[in-house]
Amino acid sequence: AQSVAQPEDQVNVAEGNPLTVKCTYSVSGNPYLFWYVQYPNRGLQFLLKYITGDNLVKGSYGFEAEFNKSQTSFHLKKPSALVSDSALYFCAVRPIHGSSNTGKLIFGQGTTLQVKP
Amino acid sequence: DAGVTQSPTHLIKTRGQQVTLRCSPKSGHDTVSWYQQALGQGPQFIFQYYEEEERQRGNFPDRFSGHQFPNYSSELNVNALLLGDSALYLCASSFARSGDTGELFFGEGSRLTVL
């Protein structure tokens, strides 16, 4: 079965320090991977995606993610955290490739990022 | 450029009732998907609509049904509500020609509380 795991319920970092939010996946074939952020009582906002090519993907708001095929991981990173980055972060995988499958993503449980001043 | 819009934002129902949630996709998008997000959980895929037909369905009972209109907007209907249906319901839109490499754009959700 295709799945996504986010092993940390919460990550705490100090403002200005680097942050990492972990994600591992289990899929057959080449994965299409996504990161979304959710602020309280809001919908999900797209941050970045990995489809193919360079293992380091850059996205919105200074975030980047590193795809590691051998470790089946897609960790979200940011060199210098801001208090405003505090939110709920979701990793997701598109499970089946095909032109009819644009709508389905499998999400992890989410990781709450808390950035303290 | 309007993003994905959902209505209502909040609603309260009692067990056994029926509810209809509405979604207008982002301008230019033709595919709508619905997700259920229970408190403290990640979103769970309910189904996807394209060309007014249900194209894919997640592991949800037949009490969950939907519709897509010619203008690409969509409705999610839930019959015989259970307490466990209390959740944030998210609508997401995409453009079919982007294929499976395209990202989804989400609305802010409809918060359903079942008493």
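Residues numbered from 1 in each chain as written. Chains lettered and ligands numbered in written order. Predicted model: local features only at pLDDT ≥ 70, side-chain atom pairs only at ≥ 80, totals over all residues. Heavy atoms only, no water.

Asks: What should I look at first to understand unusual backbone geometry in this one?
Replies: Leaving glycine aside, a negative phi is the common case for residues, and trans is the common case for peptide bonds. Along the chain, S7 of chain B connects to P8 of chain B via a cis peptide bond; the corresponding omega equals -10°. By secondary structure assignment, the location of P8 of chain B is in the loop between β1 (5-7) and β2 (10-13). One non-glycine residue, Y61 of chain A, lies in positive phi territory at about 60°. For Y61 of chain A, the location among the structural elements is in the loop between β7 (56-58) and β8 (64-68). The phi dihedral of E52 of chain B is positive, around 65°, even though this residue is not glycine. Within the fold, E52 of chain B resides in the loop between β5 (44-50) and β6 (53-57). Judged by relative accessible area, E52 of chain B falls into the partly exposed class, the value being 43%. (Helix = DSSP H or I, 4+ residues; strand = E, 2+ residues; numbered from the N terminus. Buried < 20%, exposed > 50% of the residue type's maximum accessible area, 1.4 Å probe, protein only.)

Asks: Sorry, what's going on with the packing of aromatic side chains here?
Replies: We describe a pair of aromatic rings using the distance from one ring centre to the other and the angle between the two ring planes. Scanning the model with the defined rule gives 14 aromatic pairs over all chains in all. Between F47 of chain B and Y49 of chain B, the aromatic rings sit 5.3 Å apart at their centres with planes inclined by 90°, giving edge-to-face as the arrangement. An aromatic cluster is defined as three or more aromatic residues linked by ring pairs; in this entry it consists of Y36, F46, F90 and F107 of chain A together with Y35, F45 and F106 of chain B. The residue whose ring lies beneath K78 of chain A is F63 of chain A, and the NZ or CZ to ring-centre distance is 5.0 Å. (Phe/Tyr/Trp six-rings, centres within 6.5 Å; stacked < 30°, edge-to-face > 60°. Lys NZ or Arg CZ within 6 Å of the ring centre and 35° of its normal.)

Asks: What is the right way to read the environment of L82 of chain B from this model?
Replies: Residue and element names in this part refer to chain B. The topology assignment puts L82 in the loop between β8 (74-78) and β9 (87-94). Classification of L82 as partly exposed rests on a relative accessible area of 46%. Separated by 65 residues in the primary sequence, L82 and Q17 have C-alpha atoms spaced 8.6 Å apart. The contacts of L82, once residues within four sequence positions are left out, are R15, R63 and V114. (Contact = heavy atoms within 4.5 Å.)

Asks: Explain the side chain of H29 of chain B to me, please; I cannot follow it from the model alone.
Replies: Residue and element names in this part refer to chain B. Structurally, H29 can be placed in the loop between β3 (19-24) and β4 (31-37). Residue H29 is classed as buried on the basis of its relative accessible area of 10%. Here S93 takes part through its side chain, which lies 2.7 Å from a polar atom of the side chain of H29. Only 3.4 Å separates the side chain of H29 from the backbone nitrogen of S94, close enough to count as a polar contact. The residues touching H29, leaving out its near neighbours within four places in the chain, are Y72, S93, S94, F95 and F105. (Polar contact = N/O pair within 3.5 Å; in protein donor to acceptor, adjacent residues only side chain to side chain.)

Asks: Quick question: what am I supposed to make of the interface of chain A and chain B here?
Replies: One frequently used descriptor of interface size is the decrease in accessible area upon assembly of the parts. Taken together, the contact between chain A and chain B spans 25 residues of the former and 25 residues of the latter. With both chains or domains summed, chain A and chain B bury close to 2100 Å², and 46% of this area falls on carbon and sulfur atoms. Summed over the shared surface of chain A and chain B, the number is two salt bridges. Measuring nitrogen to oxygen at the nearest pair gives 2.7 Å for the salt bridge that ties R42 of chain A to E108 of chain B. Inspection of the chain A/chain B interface yields seven residue pairs in polar contact (both at pLDDT 80 or more). Contributions of two or more residues to the side of chain A that touches chain B are made by β5 (32-38), β6 (44-50) and β10 (87-94) of chain A. (Buried area = accessible area lost by both parts, 1.4 Å probe. Salt bridge = Lys/Arg side-chain N within 4 Å of Asp/Glu carboxyl O.)

Asks: Would you mind going over the sheet that holds β8 of chain B with me for this structure?
Replies: As a general point, the strands of a sheet are linked pairwise by backbone hydrogen bonds and lie either parallel or antiparallel. All names here are of chain B. Across the sheet, which stays open at both edges, the four strands sit in the order β1-β3-β8-β7 with antiparallel pairing between neighbours. Looking at strand neighbours, the two that pair on one side only are β1 and β7 (64-68), the edges of this open sheet. Strand-to-strand twist across the sheet, computed as the mean angle between neighbouring axes with direction ignored, equals 20°. Alignment of β7 against β8, held across five bridges, turns out to be antiparallel. (Pairing = 2+ DSSP bridges. Axes fitted to C-alpha atoms, helices over the stretch in contact; angles between N-to-C directions.)

The values reported here are purely geometric and, on their own, carry no functional implication.
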